[in-house]
Amino acid sequence: MSRADALDPPAPGTPATRTPDTPVRGTPGASASGTPDPRAGTRPRGPAPAHRTAPVELSVVIPAFNEERRLGRTLDAVTRYLEAPGSHWRTWEILVADDGSTDATRELVTVRRDPRVKLVAGSGNRGKGHALRRGVAAGRGRQVLVMDADLATPVEELERLEKALADGNAAAIGSRAVSGATLGERQHRIRELAGRAGNLLIRRTTLRGTRDTQCGFKLFDGDKARAAFAASRLNGWAIDVEVLRHFQRVGWPVAEVPVHWSHQPGSKVRPADYLRVLRDLVRLRIPVPRPADVVAVLLFLAMAVALCSGRLLDPAHRYLTDSLQDQNQWEWFFAVTADNIAHLRNPLFTGLQGAPDGVNLMANTTMPGLSVPLTPVTLLLGPAVTLSLVMTLGLAATAVAWYRLIVRRLVRQRAAAFAGAALATFAPPMISHANAHPNFVVLFMIPPIIERALRLTAGDRVTRDAVALGLMAAWQFFLGEEPLLLAAMGMLLFAAAYAAVRPDVARQAARPLLNGLAVAAAVCLPIVVYPLAWQFSGPQSYTGIDHGSAPGVANSVRALLSFAERSLIAGDAHRADALSLNPTEQNAFYGWPLVLLAFAITVGLWRRPAVRALAATAAAAAVLSLGSRVPLPFTDTTVPGPWSLLAGLPLFDSVVESRVALVCAPPLGMLLALAVDRLARARRLGTPYAGLLAVCLALLPLVPAPLRSEPRAEVPAFFTDGAWKTYVRGDETLVPVPLADPEDAEALHWQTAAGLGFRMPGGYFNGPYGDGDRSGVYGVPLRFTAGLLRDVRSTGVVPVIDDRARAETREDLAYWRAGALVLAPQPHGDRLRETVEKLVGRPGRRVAGVWVWDLHEGS
């Protein structure tokens, strides 16, 4: 399997991402042949001799620290065995890897006259792992025996290990835990129990299938041992686990051989060493990043900071111009979630907006997967800071997640992976949503979900991967349900396309994948079933939102080929506005150069199944985004589109069709990564330069300008100084003039600035239409007074106010349980004040920068 087809589902029973001849991820410097890989940019950690003499058949490496009492006996025994009559070891060497001994250990080696017994000296006591790394690197043996200095396992047991190596294994390790092993003198009971517990932990977390990793008697193929120890990074006792894990991940077979073992006094293992082993096991689970990976992460962070720089430094006093009213809404979502958590209230509902009915928060995009854990940040620094951090760090984390997936599954070339991840994260539609919709740009869980689903196809550790997939899906559910639905659509499209390209692989992968998905569903559903029930059946739930057929609800071919408004070079705001709902919903706009580039990549790399599947996924998503009715070019005729098959289904009925084009971004990024990787490996001199020039020309129009921002209007002192408290009693509401709605939700900002101390009618959220109609709408259906005040705000015309209008207003105020009406400075403010005075029947009072009508007066 080529690296470019690492997205191919592997056959069941094989490693998910590599074959035995594939280099190990996370172990730089090792190649499949067991020699250091010069492309990895690392070198063996240990003293490489300036001139390596002829190889020997066996190198015996013995780590030693203050072993003057036991080492001499061990050296004698090993030498006698290797020199015994009839021994087949014609050439051999013994390397004592000293770990900074302070006794006579070194002298025991140097005084021997046998040149085959050598000292590999080290400075300072740095641990068994460091000593072994130096000793193995210095060895010349075609086979390498690593044994402890205490001779707990007699050297005669080497014959058993030799036989296992002769049977085709790359390593044979002595074991006290397999059938046939014998024990002489046993350890102290507590030490024995601790050892068993440690082995159990190692098997469960790090090295499955090996029952005894710590027996100090192991025989390796020489080249593979040197590669594995060179790639290691632990200095302590867990070096054995790390090296065997290297063998397991590469696919080199390891045999566990029963041996005789007897405890010897003088052990160097101390109680604290067990804790150090635990620490090292954790380190093994955390891969060491390459310098190129660190640079990529920093660049992604810099790109996110540059994009969000307009409000990043002062989020509380800056407003994203193109976010419409969504910034006010999202800050309110974070604030109300934190308030509910802090006061131990139901985080799925609130009565602060939409009074008296309230808001079903689970039926809105509140992102509890982040808003709940970030409650301390919101309470300490405010929701504006939380939203700014979520957008900036979430974008960077999403880019890193795509980068990691591409590196693990698609290409080794880091620059290629960076280019692909950058396109997947910062594609034009993602930039559009970055103005206002963190749930569509903070997607760092989607790549790990894809990775786990691909692992399931291998049929290896299905249950473990399925449980992880279920937990990841549950978290993404609480980060954004619609992005999870779109990701599932993209994965299904890819699976169908790949099955058509490689039906043989698909047949093998189907069973473990389906079994794993069933387990994942069993893990995920209990976590999300109650929130789902609240979302679809709880108070203020709704059935779906009809977005109508306005321009931009579905994409057009022109929208797919045009440039986005925020394109730094080619942006065309007039055209983008004409082809989209608004600046936050420019869901296509990939540009014709990128489309041509993707087509060229597909043709050039057509032989690779992954390329065909990725291209089919992007094309299918683009077609689906055209909506239920697709216009034929150069005509006024429309024909049913594929989306018409999905439009009426539950969940799909609330999706804005044009958003399906978001699914195109990751496949396009992966195609780009494959192309850059191929160009970097091209042999013809001019090919890389010409190809990279074409890539740059295609991507240049997509480079975004920073998001626009402007100074934020000051919150009236009436809300910040607490003057509002005089006018609200009990469960009464404060009624802004006009009411907050999707066209003007500044009142949400006032409520947030007031510490969410009062309730108000109206608002900007998703809820049911009302009066028995559970169809979803934005905001609330306008009562008479709300509609009248909104019209005055829009037109500046004061309507005729008669007794009937006043009666309707009194009824509305009673329904809202209003304590006061508040008019803040705004356009047509005089007209609004005149209208309210006529409705209420008395003038308002100027209080702390606003006009207030106290509805308790005269009651």
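Every value quoted in this text rests on a predicted model; they were computed, and no experiment measured them.

Thresholds applied
- By convention here, each chain's residues receive numbers from 1 onward along its written sequence.
- Given that this is a predicted model, residues contribute local features only at a pLDDT of at least 70 and side-chain atom pairs are listed and counted only at 80 or more, while totals for whole chains, interfaces and linings are drawn from all residues.
- Note: side-chain values were computed over all heavy atoms of the structure, leaving out hydrogens and water.
- Centres within 6.5 Å make a pair out of two Phe, Tyr or Trp rings, where for Trp the six-membered ring is used; the pair is then stacked when the planes are under 30 degrees apart, edge-to-face when over 60, and tilted otherwise.
- Secondary structure elements follow DSSP: runs of H or I no shorter than four residues count as helices, runs of E no shorter than two count as strands, and numbering proceeds from the N terminus.
- Buried residues are those whose accessible area, probed at 1.4 Å on protein chains only, stays under 20% of the maximum for their type, while exposed residues exceed 50% and partly exposed ones sit between those limits.
- Here, a charge over a ring is recorded when the distance from Lys NZ or Arg CZ to the ring centre is within 6 Å and its angle to the ring normal is within 35 degrees.
- In this analysis, strands are considered paired if DSSP registers two or more bridges between them.
- Axes here refer to lines fitted to C-alpha atoms; in helices the fit is confined to the stretch in contact. Angles between the N-to-C directions go from 0 to 180 degrees.
- Should any heavy atoms of two residues lie within 4.5 Å, those residues are considered in contact.
- What is meant by a nonpolar core is a set of buried Ala, Val, Leu, Ile, Met, Phe, Trp, Tyr and Cys residues, joined one to another through side-chain atoms within 4.5 Å.
- Residues enter a patch when their relative accessible area is above 30% and they make no salt bridge; the linking distance is 9 Å between like charges and 5 Å between nonpolar side chains (Val, Leu, Ile, Met, Phe, Trp, Tyr).
- Surface accessibility follows the Shrake-Rupley procedure with a 1.4 Å probe radius. Residue values consider only the protein chains on display as shielding.
- A pairing counts as a salt bridge when a side-chain nitrogen of Lys or Arg comes within 4 Å of a carboxyl oxygen of Asp or Glu.
- A helix is expected to span 1.5 Å multiplied by its residue count minus one.
- Residues adjacent in sequence count toward polar contacts only when both atoms are side-chain atoms; beyond that, a polar contact is any pair of N or O atoms within 3.5 Å, and within protein one must be able to donate a hydrogen and the other to accept it.

Caption draft 1: Representation of the packing of aromatic side chains. Under the definition given, this model contains 19 aromatic pairs. When the centroid spacing of 5.6 Å and the interplanar angle of 90 degrees are considered together, the rings of Trp-330 and Phe-333 count as edge-to-face. In this pair, Trp-330 and Phe-333 both sit in helix H11 (residues 326-342), 3 residues apart, roughly one turn of the helix. Both residues of the pair, Trp-330 and Phe-333, belong to the buried class. Taken together, the ring pairs in this structure connect Phe-718, Phe-719, Trp-724, Tyr-727, Trp-750 and Phe-758 into an aromatic cluster. Positioned over the ring face of Trp-606 is Arg-612, at 5.5 Å from the centre of the ring.

Caption draft 2: Quick look at the sheet that holds strand E4 (residues 141-147). Spatially, the 7 strands line up as an open sheet ordered E3-E2-E1-E4-E7-E5-E8, and their pairing is mixed. A single partner strand is all that each edge strand has here, and the edge strands are strand E3 (117-120) and strand E8 (254-258). Sheet twist, expressed as the average angle between the axes of neighbouring strands with direction ignored, equals 20 degrees. Relative to strand E7 (residues 217-221), E4 runs antiparallel, the two sharing 5 bridges. Each residue of the ladder has a partner; that of Val-146, found in E7, is Lys-218. Helix-sheet contacts for helix H4 (residues 158-166) involve strand E1 (56-64), E4, strand E5 (171-175), E7 and E8, and the interaxial angle to E7 is about 30 degrees. Contacts between helix H7 (residues 239-250) and the sheet are confined to E5, E7 and E8, with E7 contributing the most and set at about 35 degrees to the helix.

Caption draft 3: Structural detail: the nonpolar core. Residues Phe-718, Phe-719 and Leu-734 are the most contacted members of the largest nonpolar core, which totals 136 residues. The dominant element in this core, judged by the number of residues it contributes, is helix H14 (residues 383-409), at 12 residues. Residues contacting Leu-734, with those up to four places away along its chain left out, are Phe-718, Phe-719, Trp-724, Val-728, Phe-758, Arg-759, Met-760, Pro-761, Ala-820 and Val-822. Membership of the second largest hydrophobic core comes to 34 residues, among which are Leu-75, Leu-82, Val-109 and Val-155.

Caption draft 4: Geometry of a nonpolar patch on the surface. A cluster of nonpolar side chains, Val-557, Leu-561, Trp-592, Val-595 and Leu-596, forms an exposed patch at the surface whose accessible area comes to about 460 Å². If one sorts the elements of the nonpolar patch by residue count, helix H24 (residues 592-604) sits on top with 3 residues.

Caption draft 5: Expanded view of the environment of Ala-302. Note on placement: Ala-302 falls in helix H9 (residues 291-307). A C-alpha to C-alpha distance of 8.3 Å links Ala-302 and Ala-396, two positions 94 residues apart in sequence.

Caption draft 6: Spotlight on unusual backbone geometry. Between Ala-355 and the following residue, Pro-356, the backbone shows a cis peptide bond with an omega angle of 5 degrees. That bond from Val-737 to Pro-738 is cis: its omega, -10 degrees, falls within 30 degrees of zero. Looking at the secondary structure, you find Pro-738 in the loop between strand E16 (733-736) and helix H29 (746-753). One non-glycine residue, Leu-151, lies in positive phi territory at about 55 degrees. The residue Leu-151 is located in the loop between E4 and H4 in this model. When its relative accessible area of 16% is taken as the criterion, Leu-151 is described as buried.

Caption draft 7: Just helix H20 (residues 481-501), in detail. Compared with the 30 Å implied by 1.5 Å per residue over 21 residues, the 30 Å span of H20 between its first and last C-alpha is a close match. Contact partners of the buried residues in H20: helix H17 (438-441), helix H18 (446-456), helix H19 (462-479), helix H21 (503-537) and helix H25 (609-624).

Caption draft 8: Spatial organisation of the environment of Ala-499. Here Ala-499 is to be found in helix H20. Separated by 10 residues in the primary sequence, Ala-499 and Ala-509 place their C-alpha atoms 9.7 Å from one another.

Caption draft 9: Up close: the sheet that holds strand E20 (residues 845-847). Here 4 strands make up an open sheet; going across it, the order is E16-E19-E21-E20 and the pairing mixed. Because the sheet does not close on itself, it has two edges, and the strands there are E16 and E20. In this sheet, adjacent strand axes meet at a mean angle of 35 degrees when their direction is disregarded. Pairing geometry for strand E19 (residues 818-823) and strand E21 (residues 850-854), over 4 bridges, is antiparallel. Paired with Ala-820 across the bridge in E21 is Asp-854.

Caption draft 10: Structural view of helix H6 (residues 222-231). Among the 10 residues that make up H6, 9 are buried, leaving the element largely enclosed by the rest of the structure. Three or more residues of H6 are buried, namely Gly-222, Lys-224, Ala-225, Arg-226, Ala-227, Ala-228, Phe-229, Ala-230 and Ala-231. Among the structural elements, helix H3 (128-138), E4, E7 and H7 are those in contact with the buried residues of H6. Capping the start of H6, Asp-221 holds a side-chain oxygen 3.3 Å from the backbone nitrogen of Asp-223, two or three residues further along.

Caption draft 11: Fine view of the pattern of salt bridges. Under the criterion given, the structure shown has 38 salt bridges. A salt bridge links Arg-409 to Glu-451; the nearest nitrogen and oxygen atoms lie 2.9 Å apart. Of the two residues, Arg-409 sits in helix H14 while Glu-451 sits in helix H18, which places them 42 residues apart along the sequence. Considered together, Arg-409 and Glu-451 belong to a single accessibility category, that of buried residues. For Arg-659, the salt bridge goes to Glu-585, with nearest N and O atoms at 2.3 Å. Of this pair, Arg-659 sits in the loop between strand E14 (638-640) and helix H26 (665-680) while Glu-585 sits in the loop between helix H23 (573-578) and H24, placing them 74 residues apart in sequence. There is no split in this pair, since Arg-659 and Glu-585 are both buried. It is possible to trace a salt-bridge network through shared partners that takes in Arg-408, Arg-409, Glu-451, Arg-452, Arg-455, Arg-464 and Asp-465.

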